[in-house]
Amino acid sequence: VQLQASGGGLVQAGGSLRLACAVSGLTFGSYAMGWFRQSPGKEREFVAAITWNGGSTNYADSVKGRFTISRDNAKNTVTLQMNVLKPEDTAVYYCAAEYGRSPVVSTGLRDYDYWGQGTQVTVSS
C-alpha cells in the first residue's frame, strides 16, 4: 500500500496550495480518506476527511471555509485545496486511509489504517 502526498511548498500568507495524495495497493473506493498535519513540537492533528464516496466531509474548525477536500475514485486520488493560507497552517501534511464505507468520517488518528509520507507546507507572513 502506498499513499504519495505531493503539492507542498512555500507560499505567502493569503495564498493557496493544492495538495494531492495518490493511492495504490488498496481498493480506494472502500476507504475514507483524511488529511492531518503536524507542526514542530506539536501533536499530529486532524485537518479534513471525506467518506468513501465523497458523500460527506468534515473539517477542523481552524480550516473551515478555507480548505476543501475532494476525491476522484476513478483516479485513486484525494486532494486538499487550501486557500487564504495563514502562517499557523505551516506544517507537514499527511494523507491517510481508513477502511470502511461508513457515512460518517473519522477524525481520530488511530482510526486510520494507512499513512503517507507527508509533504511540507510553509506559509510566510
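Note that this is a predicted model, so its numbers are computed, not measured.

A.B. asks: Just give me the short version of the side chain of Asp 89, but keep the residues and values in it.
C.D. replies: By secondary structure assignment, the location of Asp 89 is in the loop between β8 (77-82) and β9 (91-99). Looking at Asp 89, the relative accessible area reads 1%, which means it is buried. Within polar-contact distance, the side chain of Asp 89 engages the backbone nitrogen of Lys 86 at 2.8 Å. Each residue touching Asp 89, except ones within four places of it in the same chain, is listed here: Arg 37, Arg 66, Phe 67, Val 84, Val 121 and Val 123.

A.B. asks: Give me the lowdown on the pairing of strand β5 (residues 45-50), citing residues and values where you can.
C.D. replies: Counting buried positions over the 6 residues of β5 gives 5, a clear majority of the element. Relative to β5, strand β4 (residues 31-38) runs antiparallel, the two being bridged by 5 bridges. Across the sheet, residue Trp 35 finds its bridge partner in β5, namely Ala 48. Hairpin geometry of β4 and β5 is characterised by an intervening segment of 6 residues between the two adjacent antiparallel strands and by a positive phi of about 80° at Gly 41. Pairing geometry for β5 and strand β6 (residues 57-59), over 3 bridges, is antiparallel. Along β6, the bridge assignment pairs Ile 50 with Thr 57. Taken together, β5 and the strand that follows it, β6, pair antiparallel across an intervening segment of 6 residues, in which Gly 54 is found at a positive phi of about 80°.

A.B. asks: Any chance you could break down the nonpolar core for me, citing the residues and the numbers?
C.D. replies: Formed by 36 residues in total, the largest nonpolar core has its most connected members in Met 33, Trp 35, Leu 80, Met 82 and Tyr 93. Looking at this core, the elements that each hand over two or more residues are β1 (2-6), β3 (17-24), β4, β5, β7 (67-72), β8, β9 and β11 (119-124). Setting aside residues no more than four positions away along its own chain, Leu 80 makes contact with Leu 17, Arg 18, Leu 19, Trp 35, Val 47, Ala 48, Phe 67, Thr 68, Ile 69 and Tyr 93.

A.B. asks: Can you tell me about the packing of aromatic side chains, naming the residues and giving the values?
C.D. replies: On inspection of all chains with the given rule, the structure shows 6 aromatic pairs. Here the aromatic rings of Phe 36 and Tyr 112 are separated by 5.1 Å at their centres, their planes lie at 80°, and the arrangement is edge-to-face. Pair noted here: Phe 36 is in strand β4 and Tyr 112 is in the loop between β9 and β10 (114-115), with a separation of 76 residues, a long-range link. Judged by relative accessible area, which is 0%, Phe 36 ranks as buried. Three or more aromatic residues joined by ring pairs make a cluster, and in this case those are Phe 36, Phe 46, Tyr 112 and Trp 115. Above the plane of the ring of Trp 115 lies Arg 44, whose end atom (NZ or CZ) is 5.1 Å from the centre. A cation sits over an aromatic face here: Arg 71 above Phe 28, 4.3 Å from the ring centre.

A.B. asks: Quick rundown of the environment of Gln 117? Include the residues and the values.
C.D. replies: Following the sequence through the fold, Gln 117 ends up in the loop between β10 and β11. On the basis of relative accessibility, which here comes to 40%, the residue Gln 117 falls in the partly exposed class. For Gln 117 and Leu 85, which are 32 residues apart along the polypeptide, the C-alpha to C-alpha distance reads 22 Å. With residues near it in sequence (within four places) discarded, Gln 117 still touches Leu 3, Gln 4, Ala 5 and Tyr 94. Within the structure, the side chain of Gln 117 is placed 3.0 Å from the backbone oxygen of Ala 5, a separation counted as a polar contact.

Analysis parameters
- Residues numbered from 1 in each chain as written.
- Predicted model: local features only at pLDDT ≥ 70, side-chain atom pairs only at ≥ 80, totals over all residues.
- Heavy atoms only, no water.
- Helix = DSSP H or I, 4+ residues; strand = E, 2+ residues; numbered from the N terminus.
- Buried < 20%, exposed > 50% of the residue type's maximum accessible area, 1.4 Å probe, protein only.
- Polar contact = N/O pair within 3.5 Å; in protein donor to acceptor, adjacent residues only side chain to side chain.
- Contact = heavy atoms within 4.5 Å.
- Pairing = 2+ DSSP bridges.
- Core = buried A, V, L, I, M, F, W, Y, C linked by side-chain atoms within 4.5 Å.
- Phe/Tyr/Trp six-rings, centres within 6.5 Å; stacked < 30°, edge-to-face > 60°.
- Lys NZ or Arg CZ within 6 Å of the ring centre and 35° of its normal.

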